[in-house]
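# Structure assessment
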Amino acid sequence: MPSAIVRRPGPRLAEGLVTHIERTPVDAALAVRQWQQYVDALEAHGWTTIEVPAIDECPDGVFVEDTMVVYGDLAVIARSGANERRPEAAEAERTVAAQGYRVTHITEPGTLDGGDILKIGSTVYVGQGGRTNDEGIRQLREALAPLGAEVRAVPVRKVLHLKSAVTALPDGTVIGYEPLVDDPQAFESFRPMPEEAGSHVVLLGEGRLLMAASAPESAKLFEQLGYQPVVVDISEFEKLEGCVTCLSVRLRR
Ligand SMILES: NC(=O)NCCC[C@H](N)C(=O)O
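Residues numbered from 1 in each chain as written. Predicted model: local features only at pLDDT ≥ 70, side-chain atom pairs only at ≥ 80, totals over all residues. Heavy atoms only, no water.

If you look at the biggest cluster of nonpolar residues, it comprises 38 residues, and the most contacted ones within it are Tyr38, Leu42, Leu210, Phe222 and Phe237. Contributing elements (two or more residues each) for this core: strand S1 (3–7), helix H1 (28–44), strand S12 (202–205), strand S13 (208–212), helix H5 (216–224) and strand S14 (228–232). Looking at this core element by element, the count peaks at 6 residues for H1. Not counting chain neighbours up to four residues away, the residues in contact with Tyr38 comprise Val202, Leu210, Val232, Val244, Thr245, Leu247, Ser248 and Arg250. Counting 16 residues, the second largest nonpolar core, distinct from the first, contains Val69, Tyr71, Leu112 and Val151. (Core = buried A, V, L, I, M, F, W, Y, C linked by side-chain atoms within 4.5 Å. Buried < 20%, exposed > 50% of the residue type's maximum accessible area, 1.4 Å probe, protein only. Helix = DSSP H or I, 4+ residues; strand = E, 2+ residues; numbered from the N terminus. Contact = heavy atoms within 4.5 Å.)

Here it is as structure tokens:
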């Protein structure tokens, strides 16, 4: 059975970082309900969820995906490009290690956020230009090479992370909202989506795509393509540049 690491939002969520969008007020109580619905959606589709203890002093702790990259039996613990977010990694590391993963670390001067990593088979795309630096990419390549992964750097300048711009469908097609994708040609096959949030899907298995309620046109398009959208409202996390991918680390082993 697949499982997913998640982390409950803390009391300072509303103070989370915003970089590319205007700050708007976050309803913390609504955010907790939305987070629970996100967890419920994972569980309803066969995913066991494993909680990292909440980290009250870090407003962005809920975006647990950024703390690591999991590939095969290895968890590469990230060193965030945002100083304020670095304390999030320690407990996340303990949680993934307790699941039986080997652990290695991105070390200074390398920086890397898990949100910058998009895995498609043995190809690992890494966003370059935001939170992840060249040294972080070099270290990731070195860590994953023995596992047969090919790490490819792609530019990210218009959004926070690579996976804010693009994710991939089960058949490997990369999807993105073109105005926010720096180089669509960096990917073997690219499909433009009609909405920004339509570029973000979590593959739940059996053609089901977890996605945000803020992309209804994209949901229709996915249905036409033969997929089954599983829709969650994550408005309060979107106000902090979060999306469906960043709220969990999927463990498929
Ligand atoms: N992987 C992601 O898309 N993470 C979203 C992180 C949002 C958070 N407010 C941040 O700026 O780090």
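Near the ligand you find 15 residues, and of these Leu17, Asp60, Asp66, Arg85 and Leu240 are the closest. Side-chain polar atom of Asp60 to a nitrogen atom of the ligand: 2.8 Å apart, as the coordinates give it. The side chain of Asp66 places a nitrogen or oxygen atom 2.8 Å from a nitrogen atom of the ligand. Here the ligand loses 100% of its free accessible area of 350 Å² to cover by the protein chains. Considered class by class, the residues forming the shell around the ligand number 6 nonpolar, 3 polar and 6 charged. (Near = heavy atom within 4 Å. Polar contact = N/O pair within 3.5 Å; in protein donor to acceptor, adjacent residues only side chain to side chain. Areas by Shrake-Rupley, 256 points an atom, 1.4 Å probe, with all protein chains shown as cover. Nonpolar A, V, L, I, M, F, W, Y, C, P; charged D, E, K, R; others polar.)

As annotated by UniProt and renumbered to match this structure, "active site" (unreviewed entry) occupies His161 and Cys246. Considering the C-alpha atoms alone, the annotated residues occupy 86 residues of sequence yet fold into one spot, their largest mutual distance being 9.9 Å. Residue His161 is classed as buried on the basis of its relative accessible area of 5%. The contacts of His161, once residues within four sequence positions are left out, are Asp66, Asp113, Gly115, Asp116, Arg131 and Val156. (UniProt positions renumbered as here; feature names shortened; annotations may be inferred.)

Right, let's talk about the sheet that holds strand S9 (residues 166–168) for a bit. Strand order across the open sheet formed by 3 strands is S9-S10-S11, with mixed pairing between neighbours. Lying at the two open borders of the sheet, with one neighbouring strand each, are S9 and strand S11 (190–192). Across this sheet, the average inter-strand angle for adjacent strands is 30°, counted without regard to direction. Alignment of strand S10 (residues 174–176) against S11, held across 3 bridges, turns out to be parallel. In the strand pairing of S11, Gly176 is matched with Pro192. (Pairing = 2+ DSSP bridges. Axes fitted to C-alpha atoms, helices over the stretch in contact; angles between N-to-C directions.)

This part is about the state of the cysteines. Chemically, a disulfide is nothing more than a covalent bond linking the sulfur atoms of two cysteines. Here the structure, examined in full by the defined rule, presents 0 disulfides. Of all cysteine sulfurs, the one in Cys246 lies closest to Cys243, which takes part in no disulfide; the gap is 4.3 Å. Among the residues examined, Cys246 registers a relative accessible area of 6% and is labelled buried. (Disulfide = S-S within 2.5 Å.)

Tallied over the entire structure, the rule returns 2 aromatic pairs. Between Phe63 and Phe237, the aromatic rings sit 6.2 Å apart at their centres with planes inclined by 90°, giving edge-to-face as the arrangement. Taken together, the residues span a long stretch of sequence, with Phe63 in the loop between strand S2 (48–52) and strand S3 (68–71) and Phe237 in helix H6 (residues 235–238) at a distance of 174 residues. Using a relative accessible area of 0% as the deciding quantity, one classes Phe237 as buried. (Phe/Tyr/Trp six-rings, centres within 6.5 Å; stacked < 30°, edge-to-face > 60°.)

For the rest of this paragraph, the subject is the sheet that holds strand S6 (residues 117–120). Adjacent strands of a sheet pair through backbone hydrogen bonds, lying either parallel or antiparallel. Reading across the sheet, the 3 strands line up as S6-S7-S8 and stay open at both edges, with mixed pairing between neighbours. The open sheet has two free edges, formed respectively by S6 and strand S8 (150–155), since each of these has just one partner strand. Adjacent strand axes in the sheet meet at a mean angle of 25°, parallel and antiparallel pairs treated alike. In this sheet, strand S7 (residues 123–128) lies alongside S6 in antiparallel orientation, the contact comprising 4 bridges. Paired with Ile120 across the bridge in S7 is Thr123. Set on the sheet, helix H3 (residues 134–144) makes contact with S6, S7 and S8; between it and S7 the angle comes to about 170°.

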